[in-house]
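Listed here are the chains, written in short residue letters.
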Amino acid sequence: MQIKPTGGALGADVSGVDLREPLSADSQSRLREAFAEHALLRIRSQQLSRDDLTRFSCCFGEPVEHPTNRRDRDPLNPLITIISNIEENGRAIGALGNAELKFHADLVFLHTPGSVSILYCVECPPTGGDTY
């Protein structure tokens, strides 16, 4: 596994890892250390199942269902919340509607706030697609 800082204010690119496979204790430790140092990790070119994504998220702690989002959970895995800008039958399919969501902090209102959010991009535009 290689961890290379992006050169920006934060973030690192992680390569040489296949998240479809269970991670060793050493690899999990390296990822947690890299996250603590860089605040954002980008791991490209992964093709993950729901179970792969959930297993990977456990590297950073016990995942929780989003307590206010009941409508847009993945029907096969309630730990996954769908975020999308797509509308189907006149209804946004994602939990945040189909427009840009301005600044927020995930699960900050809980007694023990969330400490890590994992985004898994399914469709990525060739340009743009920024998040804030």
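In the block above lies the structure referred to throughout.
The numbers attached to residues start from 1 for each chain and follow its sequence in the written order. Reporting in this predicted model follows two pLDDT cut-offs: at least 70 for local features of residues, and 80 or more for side-chain atom pairs to be given and counted; totals over whole chains, interfaces and linings ignore these cut-offs and use all residues. Side-chain figures throughout are based on the complete set of non-hydrogen atoms in the structure, without hydrogens or water.

Topic: the packing of aromatic side chains
In step 1: Two aromatic rings, drawn from Phe, Tyr or Trp (for Trp, its six-membered ring), form a pair once their centres lie within 6.5 Å of each other, and the interplanar angle then sorts them: stacked below 30 degrees, edge-to-face above 60, tilted otherwise. Taken as a whole, this structure holds 2 aromatic pairs when the rule is applied.
In step 2: Seen from their ring centres, F35 and F60 are 5.8 Å apart, and the 65° between their planes marks the pair as edge-to-face. Here the residue F35 occupies a position in helix α1 (residues 25-38), and F60 occupies one in the loop between α2 (50-57) and β4 (73-74), the gap between them amounting to 25 residues.
In step 3: Judged by centre distance (5.6 Å) and plane angle (85°), the rings of F56 and F60 are edge-to-face.
In step 4: Three or more aromatic residues joined by ring pairs make a cluster, and in this case those are F35, F56 and F60. Numbering of helices and strands runs from the N terminus; a helix is a DSSP stretch of H or I covering at least four residues, while a strand is a stretch of E covering at least two.

Side note on the pairing of strand β1 (residues 2-5)
In step 1: Across 4 bridges, the pairing between β1 and strand β2 (residues 12-15) is antiparallel. Its bridge partner lying in β2, Q2 is registered against S15.
In step 2: Paired strands, in this sense, are two strands between which DSSP finds at least two bridges. The hairpin turn running from β1 into β2, its antiparallel successor, is 6 residues long, and G7 in that turn takes a positive phi close to 90°.

Digging into the sheet that holds β1
In step 1: Taken in spatial order, the 3 strands make up an open sheet running β1-β2-β3, and their pairing is mixed. In this open sheet, the two strands that pair with only one neighbour each are β1 and β3 (41-43). Strand after strand, the sheet turns through a mean of 25° between neighbouring axes, direction not considered.
In step 2: Bridge count between β2 and β3: 3 bridges; the pairing is parallel. Looking at β3, one finds that V14 is bridged to I43. Think of each axis as a best-fit line through the C-alpha atoms, taken over the contacting stretch in the case of a helix, with angles from 0 to 180 degrees between the N-to-C directions.

Quick notes on the side chain of D52
In step 1: Inspection of the secondary structure assignment puts D52 in helix α2.
In step 2: The classification of residues rests on relative accessible area computed with a 1.4 Å probe and restricted to protein chains. Under 20% of the type maximum is buried, over 50% is exposed, and intermediate values are partly exposed. D52 sits in the buried class, given a relative accessible area of 10%.
In step 3: Polar contacts here mean pairs of N or O atoms no more than 3.5 Å apart (in protein, one a potential hydrogen donor and the other a potential acceptor; neighbouring residues in sequence count only if both atoms are side-chain atoms). Within the structure, the side chain of D52 is placed 2.9 Å from the backbone nitrogen of S49, a separation counted as a polar contact.
In step 4: Apart from the residues lying within four places of it in its own chain, the contact partners of D52 are L19, R20 and Q47. The criterion used for residue contact is that any of the two residues' heavy atoms lie within 4.5 Å.

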